Amino acid sequence: MDIQNNIHRINKTIRELESRYHRISNAVTLLAITKKQSLETIQTAIDAGQRLFGENYLQEALPKIEHFAAIEPALEWHFVGPIQRNKTRKIAEHFAWVHSVDSMLIAERLNDQRPTHLPPLNICLQINVSHETSKSGIAVSDTLELARFCANLPHLRLRGLMAIPALQPTLPLQRQALHPLTVLFDELRQQGMNLDTLSMGMSDDLEAAIAEGATLVRIGTALFGNR
Ligand SMILES: *Cc1c(COP(=O)(O)O)cnc(C)c1O
């Protein structure tokens, strides 16, 4: 695995796809998903210029965050995994972003537990766009209510939406799976919500996600190989 080369290659691909799908250049940010990856691997990615990292298990993430806090202070850590209610305090204390908020209870706990010396915690609401296959995420029909609730919490900053659709075999089907999230994002903005982040797209549906309007893609395997 030539991680540095992969980082450069994926960034180049993202720029090409932005252009192909008439997106504004640099509209899409790369979040490197480092679950199950070592400190050395993460350091290699940092040396290639990567600054945004995503983790989905709290216990695995905390030692990594601690390790890099002193030596690489410019990193930004995103929590992208399922949230158990007894983990919200540590998440609120150690991350800059949480992509997987899917209930008022979790939002309220993150808000109450966010240390006041830190800026508000950036959050995305996780939407369940493939009902058959996924248990996490909130239903499309419940999103506006949760968005309004979160927008009023002073220690959270609602930035947008996230989804992990069931993987489809072709580009058109992948776009179709992601499209409801794009529609919902536009609807919430039309309702006056100040959202700027559409977190969708992984290694296998990167192109579909950029075509559908992703602003932040979460890439693991294509950077670091199979886990
Ligand atoms: C693991 C993971 C990713 C990255 O998936 P790849 O297919 O390895 O690119 C993205 N988002 C979430 C929430 C993940 O858990």
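Residues numbered from 1 in each chain as written. Predicted model: local features only at pLDDT ≥ 70, side-chain atom pairs only at ≥ 80, totals over all residues. Heavy atoms only, no water.

Novice: Explain the overall build of the protein to me, please; I cannot follow it from the model alone.
Specialist: The helix and strand tally for the protein stands at nine helices and eight strands. Relative to the compact-globule value of 17 Å for 227 residues, the protein shows a C-alpha radius of gyration of 17 Å, a close match. The C-alpha extent of the protein, read off along each of the three principal axes, is 45 × 45 × 30 Å. With 227 residues in all, the protein has 51% of them scored as buried. Sequence-distant contacts, at least 24 apart, represent 60% of the contacts inside the protein between residues at least 6 apart. When the accessible surface of the protein is totalled, it reaches about 10900 Å², and 49% of it is carbon and sulfur. Once the 23 positive and 24 negative side-chain charges of the protein are each reduced to a mean point, those two points are 1 Å apart. (Helix = DSSP H or I, 4+ residues; strand = E, 2+ residues; numbered from the N terminus. Rg over C-alpha atoms; globule rule 2.2 N^0.38 Å. Buried < 20%, exposed > 50% of the residue type's maximum accessible area, 1.4 Å probe, protein only. Contact = heavy atoms within 4.5 Å. Areas by Shrake-Rupley, 256 points an atom, 1.4 Å probe, with all protein chains shown as cover. Lys, Arg positive; Asp, Glu negative; His and termini not counted. Charge placed at Lys NZ, Arg CZ, Asp CG, Glu CD.)

Novice: Explanation requested: the site of the ligand in the structure shown.
Specialist: Close to the ligand lie I33, K35, N56, V80, I164, M202, S203, R218, I219, G220, T221 and R227, which account for all nearby residues. In this structure, S203 approaches the ligand through a side-chain N or O atom, which is 2.5 Å from an oxygen atom. Protein chains shield 92% of the accessible area of the ligand, which is 390 Å² for the free molecule. Assessed atom by atom at 2 Å from the grid points, the ligand resides in the largest pocket. (Near = heavy atom within 4 Å. Polar contact = N/O pair within 3.5 Å; in protein donor to acceptor, adjacent residues only side chain to side chain. 1 Å grid on protein atoms, 1.4 Å probe; cavity = no way out; pocket = protein on both sides within 12 Å on 5 of 7 lines; lining within 4 Å. Sits in = over half its atoms within 2 Å of the grid points.)

Novice: Would you mind going over helix α2 (residues 39-47) with me for this structure?
Specialist: In an α-helix, one turn spans 3.6 residues, which is why side chains three or four residues apart end up on the same side. Burial in α2 covers these residues: T41, I42, A45 and I46. For α2, the angular spread of the buried residues around the axis is 145°, confining them to a single face. Of the exposed residues in α2, those oriented more than 90 degrees away from the buried face are E40 and D47. Among the structural elements, α1 (3-20), β2 (52-55), α3 (58-71), β3 (76-79) and α9 (221-224) are those in contact with the buried residues of α2. Directly after α2, the chain includes G49, whose backbone phi takes a positive value near 105°. (Arc of directions from axis to C-beta.)

Novice: Would you mind showing me how to read the environment of P165 here?
Specialist: Along the chain, the position of P165 falls in the loop between β6 (156-162) and α7 (171-190). It is 9.1 Å that separates the C-alpha atoms of P165 and I127, two residues lying 38 residues apart in sequence. With residues near it in sequence (within four places) discarded, P165 still touches V129, S130, A177, L178 and D205.

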